[in-house]
Amino acid sequence: MKAVVLAAGEGVRMYPLTDTRPKVMLPVADRPIAEHLVLAMREAGIEDFVFIVGYRAETVRDYFGSGGEWGVKIEYITQRRQLGTAHALRQIKGLGDEKFLLVNGDIMLKGGDIGRILARDTLTMGVAEVDDPRGLGVVEVDGERVVRIHEKVARPPSHLANAGAYLLDGEVLAAASKIGKSPRGEYEITDCLQLLIDEGRPISWEKLGFWFDIGHPWNLLSANESLMLEVKPENLGEVEENVVIKGPVAIGEGTAVKSGSYIEGPVVIGEDCRIGPNCYIRPGTAIGDRCHIGAAVEVKNSVVMRGSRIPHHNYVGDSIIGEDCNLGAGTKIANVRLDRGEIEVGGIGTGRQKLGAIVGDGVQTGINASINAGSLVGSYTFIGPGAVASGVIQPNSRIF
């Protein structure tokens, strides 16, 4: 059986992190979202993949290649205009009437859940039970059958969210050529499934035990927090004397951890990093390759992407730092409101009381700069010495 991975979208709501990469390549626990998916599907027995790519497609192609590193085979189809999930299906040739697995490339799944979907005899939707279904597609069910699919309605009729994982066959491909655009202006796979339901084709549902829908940047932090609980201790680098390591900490090849560093797992540190001396890395932190976390720096529950430098007297909490950033000495990122209330980002509630900044690629700060809780900092922005940055900041901004 083949798996078709929808990886063409930009992920506009993930600004500023998707300025420079597709959403599926955002890192969780130091691996791209799409890599976690490939590993989960391989665990379920799938070895043949079709990636439908579009926005910054070269990022996906360059990373995965033909799939040999993961023991799978990957081919690519380019969706030049991103007109919806059903439009993406129209690009596929040669699947015939065989069943295949279709997954959104921006979700997190486990192999056991995927295996139960694959074991079904009928077309099947993966669903996840959620507390608040607003803003999500939801399904109405009758016994084991889906009877109606609702896309982001004001009053959702159930708490079963469409999880974006489907067991399909050639009839869905045929239906994709029959439907029109949805009210959102796209050709959607859910309209194909509703068409088949209305024609009498049974569609089953399978409740997933583990699912993350990464729709906003702070969802990336939540997914990271969850997957970091699975970190296994490993040291492939060089750790000097007088370093304290507690709990599960994974250290990549070529990384040097200098004296006086204190690391509380779960923590993942990539390859060729410089850590310390005398820094404090707290639980839930994932640090990408070629990063520098220096003297008197504290990093807590954050994602720090490749090539970024946090070298002197900095605090970074509950934040996402893009690639190739440099925080000047004394730069601090706040992660709590003074009234301890829920943090909003651009007027959107996050459900979090602790959230620092979402920082795009190539951002640089001067000494003693401050970034307020809940800020979005666009890529290649400069924040000058002593400046305070707050709110939604556009790319290439200059703040003094």
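Caption draft 1: Highlighting the pairing of strand β8 (residues 123–129). Most of β8 sits out of view: six of its seven residues are buried. Bridging between β8 and strand β12 (residues 203–207) involves five bridges; their strand directions are parallel. What sits directly across from Leu-123, in β12, is Ile-203. Inspection of the sheet shows β8 paired to strand β11 (residues 160–168) by five bridges, in the antiparallel sense. Bridge pairing in β11 links Ala-128 to Ala-161.

Caption draft 2: Up close: the packing of helix α1 (residues 33–43) against helix α4 (residues 111–118). Two elements in contact, α1 and α4, have axes separated by 8 Å at closest approach and are oriented at 55°. Classified by the angle between their axes, α1 and α4 sit oblique to one another. Read as a crossing pair, α1 and α4 show a hand that is right-handed. Of the residues in α4, those in contact with Ala-40, Met-41 and Glu-43 of α1 are Gly-111, Gly-112 and Ile-114. For the contact of α1 with α4, the per-class residue count stands at three nonpolar, two polar and one charged.

Caption draft 3: Region of interest: the sheet that holds strand β21 (residues 274–275). Spatially, five strands are ordered β15-β18-β21-β24-β27 in an open sheet, and the strand pairing comes out parallel. The open sheet has two edge strands with one neighbour each: β15 (238–239) and β27 (309–312). Relative to β27, strand β24 (residues 292–295) runs parallel, the two being bridged by three bridges. Looking across to β27, one finds that Ala-295 is bridged to His-312.

Caption draft 4: Broad picture of the nonpolar core. Of all hydrophobic cores here, the largest spans 37 residues; its most connected members are Met-41, Phe-49, Phe-51, Phe-64, Leu-101, Leu-109 and Trp-211. Taken together, the elements giving at least two residues each to this core come down to β1 (2–7), α1, β4 (48–53), α2 (57–64), β5 (73–78), β6 (100–104), α4 and β11. Sorting elements by how many residues they give to this core places α1 first, with five residues. When neighbours within four sequence positions are excluded, Phe-49 is seen to be in contact with Ala-3, Val-5, Val-38, Met-41, Arg-42, Val-72, Lys-73, Ile-74 and Glu-75.

Caption draft 5: Summary view of unusual backbone geometry. Going from Tyr-15 to Pro-16, the amide bond is cis rather than trans, its omega being 0°. Among the secondary structure elements, Pro-16 is positioned in the loop between β1 and β2 (27–28). Between Gly-276 and Pro-277 the backbone carries a cis peptide bond, its omega angle lying at 5°. Here Tyr-380, not a glycine, exhibits a phi torsion of approximately 60°, which is positive. Residue placement: Tyr-380 occurs in the loop between β36 (375–377) and β37 (382–383).

Caption draft 6: Molecular detail of the sheet that holds strand β20 (residues 267–269). Spatial ordering of the open sheet is given by β14-β17-β20-β23-β26-β29-β33-β36-β39, a layout of nine strands whose pairing is parallel. For this open sheet the edge positions go to β14 (234–235) and β39 (392–393), each flanked by a neighbour on one side alone. Pairing of strand β23 (residues 285–287) with strand β26 (residues 303–304) involves two bridges; the strand directions are parallel. Considered in β26, the bridge of Ala-286 is made with Val-303.

Caption draft 7: Here's a closer look at α2. Those residues of α2 lying buried are Ala-57, Val-60 and Phe-64. End-on, the buried residues of α2 take up no more than an arc of 70°, which puts them together on one face. After α2 finishes, the residue Gly-65 shows a positive phi value of roughly 55°.

Caption draft 8: Just the pattern of salt bridges, in detail. Scanning all chains against the criterion turns up 22 salt bridges. As a salt-bridge pair, Glu-129 and Lys-207 come within 2.8 Å of each other at their nearest N and O atoms. Residue Glu-129 is located in strand β8, and its partner Lys-207 is located in strand β12; the two are separated by 78 residues in the primary sequence. Here Glu-129 falls in the exposed class, since its relative accessible area comes to 53%. Since its relative accessible area comes to 37%, Lys-207 is described here as partly exposed. Linking Glu-323 and Arg-306 is a salt bridge whose minimum nitrogen-to-oxygen distance equals 2.9 Å. With Glu-323 in the loop between β29 (320–321) and β30 (332–333) and Arg-306 in the loop between β26 and β27, this pair connects stretches of sequence that are 17 residues apart. When its relative accessible area of 17% is taken as the criterion, Glu-323 is described as buried. We classify Arg-306 as partly exposed; its relative accessible area is 38%.

Caption draft 9: Examining the packing of aromatic side chains more closely. The final tally for this structure, using the stated rule, is seven aromatic pairs. Here Phe-210 and Phe-212 contribute two aromatic rings whose centre-to-centre distance is 5.6 Å and whose plane-to-plane angle is 70°, an arrangement assigned as edge-to-face. When the centroid spacing of 5.7 Å and the interplanar angle of 85° are considered together, the rings of Tyr-262 and Tyr-280 count as edge-to-face. Remark: Tyr-280 occurs in strand β22 (residues 280–281) and Tyr-262 occurs in strand β19 (residues 262–264); sequence separation between them is 18 residues.

Parameters and conventions
- Residues numbered from 1 in each chain as written.
- Predicted model: local features only at pLDDT ≥ 70, side-chain atom pairs only at ≥ 80, totals over all residues.
- Heavy atoms only, no water.
- Buried < 20%, exposed > 50% of the residue type's maximum accessible area, 1.4 Å probe, protein only.
- Helix = DSSP H or I, 4+ residues; strand = E, 2+ residues; numbered from the N terminus.
- Pairing = 2+ DSSP bridges.
- Axes fitted to C-alpha atoms, helices over the stretch in contact; angles between N-to-C directions.
- Parallel < 35°, antiparallel > 145°, perpendicular 65-115°, else oblique.
- Left-handed = near helix turned anticlockwise from the far one by under 90°.
- Contact = heavy atoms within 4.5 Å.
- Nonpolar A, V, L, I, M, F, W, Y, C, P; charged D, E, K, R; others polar.
- Core = buried A, V, L, I, M, F, W, Y, C linked by side-chain atoms within 4.5 Å.
- Arc of directions from axis to C-beta.
- Salt bridge = Lys/Arg side-chain N within 4 Å of Asp/Glu carboxyl O.
- Phe/Tyr/Trp six-rings, centres within 6.5 Å; stacked < 30°, edge-to-face > 60°.

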